[in-house]
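# Structural description and commentary
Read off the chains here:
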Amino acid sequence: MDWQAILTSLPSLGTGMIATLKLCAIAAFCSLLWGTLMAVALMRAPPFWQRLLHLYTSLTLALPLLIVIYLLYFVLPEYDITFTSPQVGVLALTLYYAPYIAQVVRSAIEMLPRGQWEACRVLGLSRTEQLRDVVLPQTLPQMLSPLVGLMIGLIKDSALLSIVSVQEFMYAAKQAISETYAPLEIYLTVALCYWVLNSLIDWLARHIEFRMTRYRRGMQH
């Protein structure tokens with residue numbers, strides 16, 4: 001094991017990891033926002049828009065992320081629509097993961113008993129109050145686990161963005177390998193970093209879920 005190669009590459013790998021975290025944070029926020037809006041539209045929008053969203057969802061779920069990246073980076077410039085590499089990365093991850101998030105959000109909301117909505121109407125709660133006091137407390141614990149799984153998948157898939165010169169973690173790893181000629185050491189370091197990051201996110205989500213569902217366990221006892 002060439003420890004010197006690892007130590008030499010740590011600064012550039014650290015810069016790449018920071019870039020990945022920033023990019024994934026933006027993409028996660030955008031995909032959560034767009035996915036939630038999609039979920040609401042799929043339940044409440046006119047039939048025409050629902051059909052368009054269903055078509056978009058079916059196309060996205062059937063395509064590999066790599067195809068989406070290529071379409072945004074190589075095809076759209078042919079029609080004078082150009083994005084920078086980081087913009088392509090955020091847009092590709094957002095467009096790809098939003099339909100999955102929409103399915104999770106819509107399923108959780110539709111699982112609420114109809115009596116809950118009727119009670120809200122009887123009590124005269126506003127939309128904001130319904131969301132804050134009724135919908136979110138009951139749906140967030142159900143959504144948390146699948147959403148975290150999607151966010152972990154988003155982080156892992158961000159490695160594909162190195163093929164369009166997004167200077168994220170995997171791009172930095174390739175640069176480090178070209179300088180140190182130590183692919184085993186660099187890729188093992190990268191794998192360990194991804195494992196630690198995703199394990200930390202999973203642990204944090206489990207901790208939040210435990211705290212959110214603590215009152216239910218108390219009621220059962």
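Residues numbered from 1 in each chain as written. Predicted model: local features only at pLDDT ≥ 70, side-chain atom pairs only at ≥ 80, totals over all residues. Heavy atoms only, no water.

## Side note on helix 8 (residues 183-212)
The cut-off we apply is this: By the criteria applied, helices consist of DSSP H or I runs no shorter than four residues and strands consist of E runs no shorter than two, each listed in order from the N terminus. To estimate the expected span of a helix, subtract one from its residue number and multiply by 1.5 Å. Relative accessibility under 20% of the residue-type maximum defines a buried residue, over 50% an exposed one, and the middle range a partly exposed one, all with a 1.4 Å probe and only protein chains included.
The end-to-end C-alpha separation of helix 8 is 43 Å, in line with the 44 Å expected for 30 residues at 1.5 Å each. Within helix 8 the residues assigned to the buried category are Glu185, Ile186, Thr189, Val190, Tyr194, Leu197, Asn198 and Ala205.

## Remarks on the UniProt feature "transmembrane region" (unreviewed entry) in the protein
Basically, it comes down to this: UniProt positions are given in the numbering used here, feature names are shortened, and annotations may be inferred rather than shown by experiment.
The UniProt record annotates "transmembrane region" (unreviewed entry) at residues 20-43, 55-76, 88-105 and 186-205. Its end C-alpha atoms 25 Å apart, residues 88-105 is made of 100% helix and 0% strand. Annotated as 100% helix and 0% strand, the span residues 186-205 places its first and last C-alpha atoms 29 Å apart.

## A word on the nonpolar core
A general tendency of soluble globular proteins is for nonpolar side chains to be buried together. Heads up, the condition is: The criterion is simple. A nonpolar core is a set of buried Ala, Val, Leu, Ile, Met, Phe, Trp, Tyr and Cys residues joined through side-chain atoms within 4.5 Å. In what follows, a contact means two residues having at least one pair of non-hydrogen atoms within 4.5 Å.
One finds Leu65, Ile69, Leu93, Leu150, Leu154, Val190 and Tyr194 to be the most contacted residues of the largest nonpolar core, which totals 49 residues. Looking at this core, the elements that each hand over two or more residues are helix 1 (3-44), helix 3 (65-75), helix 4 (85-110), helix 6 (127-157), helix 7 (169-180) and helix 8. Examining the composition of this core, we find that 13 residues originate from one element, helix 4, more than from any other. Once residues within four sequence positions are removed from consideration, valine 190 is found in contact with Leu13, Phe169, Met170 and Ala173.

## Considering the packing of aromatic side chains
Here is the rule: Two rings from Phe, Tyr or Trp (for Trp, the six-membered ring) form a pair when their centres are within 6.5 Å of each other. A pair whose planes differ by under 30 degrees is stacked, one over 60 is edge-to-face, and the rest are tilted.
Scanning the entire structure with this criterion turns up eight aromatic pairs. Centre to centre, the rings of tyrosine 96 and tyrosine 100 are 5.8 Å apart; their planes meet at 50°, and the pair counts as tilted. Linking tyrosine 96 with tyrosine 100, this pair stays in helix 4, spanning four residues, or about one helical turn. On the accessibility criterion, tyrosine 100 (26% relative accessible area) is partly exposed. Centroid distance tyrosine 97 to tyrosine 100: 6.1 Å. Interplanar angle 45°. Geometry classified as tilted. Residue tyrosine 97 and its partner tyrosine 100 are located together in helix 4, separated by three residues, close to a single helical turn. An aromatic cluster is built from Tyr70, Tyr73 and Phe74, whose rings are joined through pairwise contacts.

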